[in-house]
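# Overview (structure and organization)
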Amino acid sequence: MRWLGHPAVKPVVFVLWLLPAVWLLWAAAQDQLGANPAEALIRSLGDWTLRALVLVLLVTPLRVWSGVPWLARLRRMLGLFVFFYGSLHWLAYAWFDMGFVWQDIVGDVRKRPFILVGTVAWVLLMMLAATSFNRAIRWLGAARWQRLHRLVYAIAVLAVLHFFWMRAGKRDFAEVAVYAGVLAALLGWRLWRWIDRLPDRSSRPVSATER
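Here's what I pulled together on the structure shown here.

### A few points about the layout of surface pockets
Taken as a whole, the largest pocket spans an internal volume of roughly 980 Å³. Ranked by residue count, the leading element in the lining of the largest pocket is helix H9 (residues 174–197), at 7 residues. Tallied by class, the residues present in the lining of the largest pocket amount to 18 nonpolar, 5 polar and 7 charged. In this structure, the second largest pocket occupies an estimated 580 Å³ of space. Taken together, 28 residues line the second largest pocket, and the ones lying closest to its centre are Ile42, His89, Phe114, His162 and Met166. Contributions of two or more residues to the lining of the second largest pocket are made by helix H2 (37–66), helix H3 (75–97), helix H5 (113–130) and helix H8 (151–168). Looking at the lining of the second largest pocket, the element that brings in the most residues is H2, giving 8 residues.

### Some thoughts on the packing of aromatic side chains
Tallied over the entire structure, the rule returns 17 aromatic pairs. Aromatic side chains Phe14 and Phe81 sit 5.4 Å apart centroid to centroid with 50° between the ring planes, which places their arrangement in the tilted category. Pair noted here: Phe14 is in helix H1 (residues 9–29) and Phe81 is in helix H3, with a separation of 67 residues, a long-range link. Relative accessible area serves as the criterion here: at 4%, Phe81 is assigned to the buried category.

### Some thoughts on the packing of helix H4 (residues 102–111) against H5
Two numbers describe how H4 lies on H5: the axes approach to 5 Å, and their chain directions differ by 105°. Considered as vectors, H4 and H5 are oriented roughly perpendicular to each other. In this structure, H4 contributes Asp108, Val109 and Lys111 to the contact, and H5 contributes Pro113, Ile115, Leu116 and Thr119. Within the contact of H4 with H5, the residues separate by chemical class into 4 nonpolar, 1 polar and 2 charged.

### Describing the pattern of salt bridges
Applying the stated rule across the entire model yields 3 salt bridges. Residue Glu39 pairs with Arg43 through a salt bridge whose shortest N-O separation is 3.2 Å. Of this pair, Glu39 and Arg43 are both found in helix H2, 4 residues apart, which corresponds to roughly one turn of the helix. According to the relative accessible area criterion, Arg43 is partly exposed, its value standing at 26%. A salt bridge links Glu175 to Arg167; the shortest N-O distance between them is 3.1 Å.

### Comments concerning a nonpolar patch on the surface
On the surface, a cluster of nonpolar side chains totalling about 660 Å² of accessible area is made up of Val12, Phe14, Val15, Leu16, Leu18, Leu19, Val22 and Phe84. Element by element, the count of residues in the nonpolar patch is highest for H1, at 7 residues. Within the secondary structure, Leu16 is located in helix H1.

### Notes on the packing of H2 against H9
Their axes nearest at 11 Å, the elements H2 and H9 cross at an angle of 30°. Taken as axis vectors, H2 and H9 run roughly parallel relative to one another. Every pair of crossing elements has a handedness; the one defined by H2 and H9 is left-handed. On the side of H2, the interface is formed by Asp47, Leu50, Arg51, Val54, Val56, Leu57, Leu58, Thr60, Pro61, Val64 and Trp65, while H9 contributes Glu175, Tyr179, Val182, Leu183, Leu186, Leu187, Trp189, Arg190 and Arg193. For the contact of H2 with H9, the per-class residue count stands at 14 nonpolar, 1 polar and 5 charged.

Rules of the game
- Residues numbered from 1 in each chain as written.
- Predicted model: local features only at pLDDT ≥ 70, side-chain atom pairs only at ≥ 80, totals over all residues.
- Heavy atoms only, no water.
- 1 Å grid on protein atoms, 1.4 Å probe; cavity = no way out; pocket = protein on both sides within 12 Å on 5 of 7 lines; lining within 4 Å.
- Points joined across faces, edges and corners; volume = space filled by probe spheres on them.
- Helix = DSSP H or I, 4+ residues; strand = E, 2+ residues; numbered from the N terminus.
- Nonpolar A, V, L, I, M, F, W, Y, C, P; charged D, E, K, R; others polar.
- Phe/Tyr/Trp six-rings, centres within 6.5 Å; stacked < 30°, edge-to-face > 60°.
- Buried < 20%, exposed > 50% of the residue type's maximum accessible area, 1.4 Å probe, protein only.
- Axes fitted to C-alpha atoms, helices over the stretch in contact; angles between N-to-C directions.
- Parallel < 35°, antiparallel > 145°, perpendicular 65-115°, else oblique.
- Contact = heavy atoms within 4.5 Å.
- Salt bridge = Lys/Arg side-chain N within 4 Å of Asp/Glu carboxyl O.
- Patch = residues over 30% accessible without salt bridge, like charges linked within 9 Å, V, L, I, M, F, W, Y side chains within 5 Å.
- Areas by Shrake-Rupley, 256 points an atom, 1.4 Å probe, with all protein chains shown as cover.
- Left-handed = near helix turned anticlockwise from the far one by under 90°.

Rendered as structure tokens:
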């Protein structure tokens, strides 16, 4: 997998992840999104947000399994694509569903749990995107920055919950189950790694108070 370290990989990945947005904008302009183009655009942008999120969480396992440390260099760019598609998804909702009437948007967020959960996930994404640069790492300090960016795990849970509640009305959970299973596996792998790195309490001397 040495080809993954080639300098051309990063710009190629950037272009590939930009193509869905370009295609969706072109399809919307050409009226190619079906009978309900607004709904199709909002849902497609949400799907691409989830796909980018899965790929971000897949980077570390792939890096560990493949032994290609260069993969970590893609994580920041892919994380920004999660925010990019999540922002387009939320803005498409605010524009096409709510007409950018902010009073109605606030009321809708309060009234519908899946909109609230999605909005919270987007705000958390905004925090991660705003602190994804080297200057922010220096300002926050590596340890605090790392703790902040673990919010991506909460974002993954909120994203699946948002998707689940959105599909609950139609009782169509097949795609939700796929995303939930993949994200659960990726988060479970991290939990297993964390537990595996804990000190082995059985290997150290037992104090009198612990006997």
